[in-house]
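Residues per chain are reported as follows:
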Amino acid sequence: MGKPVRITETVLRDAHQSLIATRMTTEEILPIVEKLDDIGYHSLEAWGGATFDSCLRFLNEDPWERLRKIKDKAKKTPIQMLFRGQNILGYKHYADDVVEYFVQKSIANGIDIIRIFDALNDIRNLKAAINASKKEKGHVQATVCYTISPVHNIESFVKLGKELEEMGADSICIKDMAGLLLPYTAYDLVKAMKEKIKIPIQLHTHYTSGEASMVYLKAIEAGVDVIDCAMSPMAMGTSQPPTEPMVAALQGTPYDTGYDLDKLVEICEYFKPLREKYISSGLMNTKVMGVDVNTLKYQVPGGMLSNLVSQLKQQGKEDKYDEVLKEVPRVREDLGFPPLVTPSSQIVGTQAVLNVVMGERYKMISKETKGIVRGEYGKTPVEIKPEIVKKIIGDEERITCRPADNIPPELEKMKKECAEYIEQDEDVLSYALFGQVATKFFEYRQAQKYKIDPDLVDREAKTHPI
Ligand code: CO
């Protein structure tokens, strides 16, 4: 038996976040959106995650404008975003009023499916975002972050999935951000979830360890409903399994996606020269494009590997890469075995870099590491050992409630702070999440609007074809 499998295409979000530090521009995205829309994908993952930050910080783009432009060209396919629970798209916890307004505006600007996760799998941190999405009639995809530790197992993941279903989720995503899932574990996990959970199950993984396509095949046999793939020029390595081979593999079977391979090849042709461009500019680092067995050994997610490489490069300490990789699981254990995904992956990664570069563990401790120990991110899967608590925060008080319960409403204050820059309602959200990064962009936007001859900008764009 079996039923047609559906695919979420990640080329516009996770694929370039994982391979080229989220630097794909709107100008590069837009010409291909209509063709992507024609495939009949389950959804196009096109927003959220790091795309928002990257637009403002590196690309001088308004992320809201990008979303509207994509939506304008993708009339048939649901647009999906990745949403970090109470962290929204940032790296700390925000007040509920900011979470609610962000969800409202995301849906108003074109998002159909919101994949919501919490780095610690602390469901209290998903509550505000889930409730807000339901209120705005969005599809809530609640996430189980997959990880390996002494306290995580199939039973615990199924229990979590069940709780999320009871909280009102419309579907469940098993998010294997690090590429740790193995084919037969994936089979058992999906099978167990399908037995206990009624809503659709979607599987997300990364190719980092070389397992991903095999993982999908076994998950499909176990009854998974949707899988995440990326167009082949932006697939594999730290990204997702390639879309076209997956579609071909299922053709003529009960799992046939029904997608047109010829149409996919046309899209592939569009991304090929972009890939060449990213490689020759150095944006795509060959180090993250092959199989990295260290992933299985050290449990480091795709995006994190490329971040570690660039952090070490900046300090001229590339030779410490292997040492840092070994330090990562030690820091993770110290911090109560958090799954490694933004922001916990950055926190653990940065602390591991500090521990190695300083030549002494916890000689320098980041603000965020202290935050995890204080409980500012929620409950860690395992209680942090008293001696580690002592070492990192001394006798400071720790939080045991839902962290956002301690955060008073912030939206009105934010509105006042950035009033001079506001050109659209959404601007306050860019500011709430990214402060000075947002105001710097607002200033750039003003300069573009008032000082620069639009013809000149247009000519400039035309002389840099993609
Ligand atoms: Co991912």
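All of the points below concern the structure found in this document. (Residues numbered from 1 in each chain as written. Predicted model: local features only at pLDDT ≥ 70, side-chain atom pairs only at ≥ 80, totals over all residues. Heavy atoms only, no water.)

When its secondary structure is counted, the protein shows 20 helices and eight strands. In terms of overall dimensions, the protein is globule-like: its C-alpha atoms have a radius of gyration of 21 Å, near the 23 Å expected for 466 residues. In the protein, buried positions account for 57% of the 466 residues. As displayed, the protein offers around 19300 Å² of accessible surface, 53% of which is attributable to carbon and sulfur atoms. (Helix = DSSP H or I, 4+ residues; strand = E, 2+ residues; numbered from the N terminus. Rg over C-alpha atoms; globule rule 2.2 N^0.38 Å. Buried < 20%, exposed > 50% of the residue type's maximum accessible area, 1.4 Å probe, protein only. Areas by Shrake-Rupley, 256 points an atom, 1.4 Å probe, with all protein chains shown as cover.)

A separate point is the packing of helix H10 (residues 243-250) against helix H11 (residues 261-281). Viewed as axis vectors pointing N to C, H10 and H11 meet at an angle of 170 degrees, and their least axial separation amounts to 10 Å. In this view, H10 runs roughly antiparallel relative to H11, as classed from their interaxial angle. Contact residues: Thr243, Glu244, Val247 and Ala248 in H10; Leu261, Leu264 and Cys268 in H11. Residue composition of the contact of H10 with H11, grouped by class: five nonpolar, one polar and one charged. (Axes fitted to C-alpha atoms, helices over the stretch in contact; angles between N-to-C directions. Parallel < 35°, antiparallel > 145°, perpendicular 65-115°, else oblique. Contact = heavy atoms within 4.5 Å. Nonpolar A, V, L, I, M, F, W, Y, C, P; charged D, E, K, R; others polar.)

By the alternation rule, side chains of strand S4 (residues 113-116) split into Ile113 and Arg115 and Ile114 and Ile116, which are all buried. Pairing between strand S3 (residues 79-83) and S4: four bridges, direction parallel. Residue pairing across strands places Met81 opposite Ile114, the latter belonging to S4. Since S3 and S4 lie parallel, the crossover through helix H5 (residues 96-108) that links them has a hand, and here it is right-handed. Pairing geometry for S4 and strand S5 (residues 139-145), over four bridges, is parallel. (Pairing = 2+ DSSP bridges. Right-handed = clockwise from strand over helix to strand, strands pointing away.)

For the structure shown, the criterion picks out 15 aromatic pairs. Ring centres of Phe52 and Trp64 lie 5.6 Å apart, and the angle between their planes is 85 degrees; this geometry places the pair in the edge-to-face category. Taken together, the positions of Phe52 in helix H3 (residues 51-57) and Trp64 in helix H4 (residues 63-73) put the pair 12 residues apart, joining distant regions of the chain. Ring centres 6.3 Å apart and planes at 70 degrees place the aromatic pair Tyr91 and Phe434 in the edge-to-face group. With Tyr91 in the loop between S3 and H5 and Phe434 in helix H19 (residues 427-450), this pair connects stretches of sequence that are 343 residues apart. (Phe/Tyr/Trp six-rings, centres within 6.5 Å; stacked < 30°, edge-to-face > 60°.)

For the cobalt ion, every protein donor is listed as Asp14 (OD), His204 (NE2) and His206 (NE2), and the spread of their distances is 2.0 to 2.1 Å. For the cobalt ion, the donor residues sit on a single chain with the sequence spacing D-x189-H-x1-H. One end of the pair, Asp14, is in helix H1 (residues 14-19); the other, His206, is in the loop between strand S7 (201-205) and helix H9 (212-221), and 192 residues separate them in sequence. Under the relative-accessibility criterion, Asp14 is labelled buried at 4%. (Donors = N, O, S within 2.8 Å, 3.2 Å for Na, K, Ca; no water.)

A few words now on the side chain of Glu410. Tracing the sequence through the fold places Glu410 in the loop between helix H17 (386-393) and helix H18 (411-417). Once residues within four sequence positions are removed from consideration, Glu410 is found in contact with Lys92, Tyr94, Ala95, Asp97 and Val98.

Remember that the coordinates give geometry; whether it matters functionally is a separate question.
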